[in-house]
Structures are given as C-alpha cells and as structure tokens.
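Here are the chains, one letter per residue:
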Amino acid sequence: MRVRSTIAEHSFRAALIGSVLAMMEGADPARTALLGLWHDTQETRVGDIPHIGRRYLEAAGNEKVTADQVSAAHPAVQAGAQRIVEEYENGDSPEVTCAHDADKLECLLQAVEYREQGCANVQPWIDSSLAALRTPSARTLAEAALDMTSIERQQTYLR
C-alpha cells in the first residue's frame, strides 16, 4: 500500500492542476504552473511542519528560505526565484489564486487517495482543503474528486 507523497510529486501535481484551473478561469496557465512548481520548494530544507508543531517552532518564512536556497545561483536565478515565491506568498492575481487553489485541491486529492487506500481520519484534511478553495473551477473539480473513485477519475479524465 502506497500512501506517502513527496514534495516533488505534490508540486508537480499542483502545477498541473494549477494550469488546468487557470485555463478554466481565464488566467495564464504557464504563470500559474510556475508558481505551483516553486510554491513548496522550501520544504526541501525545513520539511512540512505539522499544525501542532507550529505551536512550538518558529520556521523561517518561505521568502527567507528561498533566498538561502538560491544564494549561490546565478543572479538572474536568485532574483527570479525570489520574485516567484514573493508573488505566490503575497500576490493577489488570478494566477496566484489558481495556484493556491491548486495546492489545496492537490492536498484534497491526496487525502481522497489515502482514504481509498485505507487510511482513516482524513476527513478533516479533506474538509479544510475544500473550505480553502476560492475559484468556482476548483470547487467543481473538488466535487468531482469527492464523487468519483480514482479509477473513475482516470477513466473519465485520462482516456
């Protein structure tokens, strides 16, 4: 039984979902996908601190972690990476909204997949992901994910 997901898997799926949401919402799919690819790169350094752990730990902000991650990179890469993360963290464009929705929608999909594999207690994760969605398109895709099995989703959307 496979239940774990890597940061790379999550970011790839969020980027792909984000590009689809952007197409549905009339936003720039390439820009949205780029935001999705970079949105959790910081977790390669600091991990994904569980909600309860945040009571006891003070993690560096994503912008600071990104600056450290790219500090030895070409100056154009440093500036570009920092702009992307700054935009994701603080922007309010349609692309940022779609990227945030894609992150939450991908988490919802993970939880649904975990539930199918026999993991219990994922409903709060599903509920919080669903509650965070802002675009009509993300809510539509979430409803489809909740109403279908993974096999049905594959047969419907990947044929």
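Each remark here, short or long, concerns the structure printed above.
Everything quoted here is computed from the prediction, not taken from an experiment.

Undergrad: Is there a simple way to think about the state of the cysteines in this case?
TA: Two cysteines form a disulfide when their sulfur atoms are joined by a covalent bond. All chains considered together, the criterion is met by 0 disulfides. No disulfide involves Cys-98; its sulfur sits 16 Å from that of Cys-107, the nearest cysteine. Cys-119 carries a free sulfur, and the closest cysteine sulfur to it, the one in Cys-107, is 15 Å from it.

Undergrad: Please explain the nonpolar core as it appears in this structure.
TA: If you look at soluble globular proteins, the nonpolar side chains tend to sit buried side by side. Counting residues in hydrophobic clusters, the biggest one holds 18 residues, and the most contacted among them are Ile-17, Leu-21, Leu-105, Leu-108 and Ile-126. Elements supplying a minimum of two residues to this core: helix 1 (7-25), helix 6 (94-116) and helix 8 (136-147). Ranked by residue count, the leading element in this core is helix 6, at 8 residues. Ignoring anything within four residues of it in the chain, the contact list for Leu-108 reads Ile-126, Ser-129, Leu-130, Ala-142, Ala-145 and Leu-146. Counting 5 residues, the second largest nonpolar core, distinct from the first, contains Leu-35, Tyr-88, Val-96 and Ala-99.

Undergrad: Is there a simple way to think about the packing of aromatic side chains in this case?
TA: Think of a pair of aromatic rings as described by two things: how far the centres are apart, and how the planes are tilted against each other in angle. Taken as a whole and assessed by the stated rule, the structure comprises 1 aromatic pair. Here Tyr-114 and Trp-125 contribute two aromatic rings whose centre-to-centre distance is 5.5 Å and whose plane-to-plane angle is 55°, an arrangement assigned as tilted. Of this pair, Tyr-114 sits in helix 6 while Trp-125 sits in helix 7 (residues 123-132), and the two are 11 residues apart along the sequence. Judged by relative accessible area, Tyr-114 falls into the buried class, the value being 15%.

Undergrad: When you look at unusual backbone geometry in this model, what are you seeing that I'm missing?
TA: Peptide bonds are mostly trans, and most non-glycine residues show a negative phi. The phi torsion at Asn-121 lies on the positive side, around 65°, for a residue other than glycine. Looking at the element boundaries, Asn-121 is found in the loop between helix 6 and helix 7. Looking at Asn-121, the relative accessible area reads 74%, which means it is exposed.

Calculation rules
- Residues numbered from 1 in each chain as written.
- Predicted model: local features only at pLDDT ≥ 70, side-chain atom pairs only at ≥ 80, totals over all residues.
- Heavy atoms only, no water.
- Disulfide = S-S within 2.5 Å.
- Core = buried A, V, L, I, M, F, W, Y, C linked by side-chain atoms within 4.5 Å.
- Buried < 20%, exposed > 50% of the residue type's maximum accessible area, 1.4 Å probe, protein only.
- Helix = DSSP H or I, 4+ residues; strand = E, 2+ residues; numbered from the N terminus.
- Contact = heavy atoms within 4.5 Å.
- Phe/Tyr/Trp six-rings, centres within 6.5 Å; stacked < 30°, edge-to-face > 60°.

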